[in-house]
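An overview of the molecular structure
If you want the building blocks of each chain, they are given just below.
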Amino acid sequence: MSDQIKHECGIALIRLLKPLSYYHKKYGTWKYGLNKLYLLMEKQHNRGQDGAGICCVKSELDPGNPYISRFRSVEPNPIKDVFDKVNKPLKKAKRNNFDINDPEWAENNFPFAGTLYLGHLRYGTFGKNSIDFTHPVMRQNNWKSRNLVLAGNFNLTNTDELFNVLLNLGQHPKAYTDTVTALEKVGHFLDEENQLLFRKYKNEGYDNNEISPLIEQNLDIQNILERASKDWDGGYAMAGLVGHGDAFVVRDPWGIRPAHYYADDEIVVVASERPVIQTVMNLQEDDVQEIGPGEGLIIKKNGKISREMIRVPHKRKSCSFERIYFSRGSDKAIYQERKQLGRLLTPIVLEAVDYDYENTVFSYIPNTAETAFYGLVDGVRNHLVDWKIDQIQKKNGSLSDKDIKRILSFEPRVEKIAIKDVKLRTFIADDASRDDLVAHVYDVTYGVIQKDKDTLVIIDDSIVRGTTLKKSILKILDRLKPKKIIVVSSAPQIRYPDCYGIDMARLDKFIAFNAAIELLKDNGKESLIQQVYKKCKEQENLPKEEMVNYVREIYKPFTAEEVSAKIAELLKPEDCNAEVEIVYQSIENLHKACPNDLGDWYFTGNYPTPGGNRVVNGSFINYIEGKDARAY
Ligand SMILES: NC(=O)CC[C@H](N)C(=O)O
């Protein structure tokens, strides 16, 4: 994607089901689990760069020893920083001639030599990017089974309501964020469950020392999660550890955020993305399973693994942006889906170039649009087969071998035109002459485009603000002097905010929204903006279940093509000579390409949860009132 939106999160959880000595013997190191955790995180670094953190629970230690260890970092390269910090005591011990390869030494001396790990990569959607908001977050207690560690890829739309529930319980949360709210919610019911079991066993005549292990064995995680999450409105894949060694992962009932796992008799591995588990554990795709919408994966301390229904699943609306852009394109299904997205664009692209195959160059914006590009080229090739048959048949046997050869060997012109100079981005962050430097974030290949003759088709996976297109890509492409530049987006127009874990929360940051507003102004329909504002204000304080997405009315007077044309006008740099056209994927084709992941609220305004309508309502009010804030 040319725009910089990377705002997601990734989770990684590992439970080793055998003692460390087992892995030392079989795989040559007791660090087997920790190394796997590192790999799971590195291979998901696409999901979050604001911060990273890991936590290890060692439930077997004698009282008096810290059994929950955590490191978090918000340094520029947080995964590396976390693991450097974690490994530091090992280096020191080695210098002092301890046998750090001995699993027994590690178990007794190294805080991260355990059998239960939780890792997280953060891109914040709620609250700031400080260390305090970096996951895993912890709720500590002197009873092991009352300790809770949480990390998630999530965003809740009704944090305010949930926060008030906590206040009504008499709590005093230490921060107003969705992460702390979720932690306190689960923590509260964990406390209650502990208390309930304590009373039960006390009544049965057990003494306190006997009761703690009994609670640990019988803690009903399903019940805790059910009660804690029943009123969560949002998308979530939430992973947690309890201090005595239980672990869980719970996914929202719409399946908005992804979560996958693998389990055998040695290990349980959870990660946001499937191919990550596949690569790290060397598995086939069918070995890795999805945690279903509304489901919880529960791993008890004794190694018992179960999948439980936590909330009744709704109609599946998993996030299609995961397929288009966020998740790694190496997943078997996602790769095909991205290709299909490109392929389905063929007819509309060919129409836009007026079927002039000879004077059209096809290319892509690196790096994530590359797969969709292969699909588009595939589509053009297929189309050319029909064209070739037609060319040959038309001449009715009068063609020479040479002519036929020329027709048969005709291929679409596929070139690498745009080159991303990644390093530049960090250098230019705060420079005064920013615009000139921004123009150089991309470079181009010279000598391929026929000046004033060729049309350049360049595919991107999606366009959010379009700033990089305007300030960098189109400017630099225009230097090649194509007659026309067609930017193709493999995703439909992004029209509405996300509120489920991707940080696209403000309407004025969407070029499609700005285009619709401009169109209303151009067509003397400006009053509609105020009408929508009035409707939004009127329902502002209604319960979220009663709210309607009135922002849709902003787009209603116009066809998608009219909005696209306006976007092209807005994104065309002033000094650009080439004609600029923007072509978008249709919603229908998006669903055709990604049939299992129909969550499309950012394109259609169809929010799967009532809180979504409240967020879009708030976003529009913020836009009109000039408030620079997220609406959740
Ligand atoms: N992208 C995410 O999943 C963010 C998680 C959580 N809302 C936070 O801001 O920390």
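This one's a predicted model, so the numbers in the text were calculated from it and none came from an experiment.

Definitions and limits used
Residues numbered from 1 in each chain as written. Predicted model: local features only at pLDDT ≥ 70, side-chain atom pairs only at ≥ 80, totals over all residues. Heavy atoms only, no water. Helix = DSSP H or I, 4+ residues; strand = E, 2+ residues; numbered from the N terminus. Buried < 20%, exposed > 50% of the residue type's maximum accessible area, 1.4 Å probe, protein only. Polar contact = N/O pair within 3.5 Å; in protein donor to acceptor, adjacent residues only side chain to side chain. Contact = heavy atoms within 4.5 Å. Near = heavy atom within 4 Å. Areas by Shrake-Rupley, 256 points an atom, 1.4 Å probe, with all protein chains shown as cover. 1 Å grid on protein atoms, 1.4 Å probe; cavity = no way out; pocket = protein on both sides within 12 Å on 5 of 7 lines; lining within 4 Å. Sits in = over half its atoms within 2 Å of the grid points. Arc of directions from axis to C-beta. Patch = residues over 30% accessible without salt bridge, like charges linked within 9 Å, V, L, I, M, F, W, Y side chains within 5 Å. Salt bridge = Lys/Arg side-chain N within 4 Å of Asp/Glu carboxyl O. Lys, Arg positive; Asp, Glu negative; His and termini not counted. Charge placed at Lys NZ, Arg CZ, Asp CG, Glu CD. UniProt positions renumbered as here; feature names shortened; annotations may be inferred.

1. Comments concerning the side chain of Asn549
Mapping Asn549 onto the fold places it in the loop between α19 (527-539) and α20 (552-555). Relative accessible area serves as the criterion here: at 8%, Asn549 is assigned to the buried category. A polar contact of 3.0 Å, which involves the side chain of Asn549, links it to the backbone nitrogen of Val551. Within the local environment of Asn549, its side chain forms a polar contact with the backbone oxygen of Gly605, the two atoms lying 3.1 Å apart. Every residue in contact with Asn549, bar those within four places of it in the chain, is listed here: Tyr496, Gly605, Tyr607, Asn613 and Val616.

2. Details of the site of the ligand
Neighbouring the ligand are 15 residues, the closest being Arg122, His135, Asn153, Phe154 and Asp178. His135 is positioned with one of its side-chain polar atoms (N or O) 2.8 Å from an oxygen atom of the ligand. Residue Gly501 places a main-chain N or O atom 3.0 Å away from a nitrogen atom belonging to the ligand. Contact with the protein chains removes 100% of the 300 Å² of surface that the ligand exposes when unbound. Under a 2 Å grid-point criterion requiring more than half of the atoms, the pocket assigned to the ligand is the largest cavity.

3. Let's talk about helix α5 (residues 159-168)
Within α5, burial applies to Thr159, Leu162, Phe163 and Leu166. Around the axis of α5, the buried residues are gathered within 105° of arc, so they sit on the same side. Looking at the packing, one finds that the buried side of α5 touches β6 (148-156) and α6 (178-203). Gly170 sits one or two positions beyond α5 and adopts a positive phi of about 90°.

4. Re a positive patch on the surface
Where like charges cluster on the molecular surface, the positive patch consists of Lys88, Lys91, Lys92 and Arg95. Mapping Lys88 onto the fold places it in helix α3 (residues 78-95).

5. Section: the UniProt feature "domain: Glutamine amidotransferase type-2" (unreviewed entry) in the protein chain
With numbering matched to this structure, UniProt assigns "domain: Glutamine amidotransferase type-2" (unreviewed entry) to residues 9-302. Secondary structure over residues 9-302 splits into 37% helix and 23% strand, and the C-alpha atoms at its two ends are 29 Å apart.

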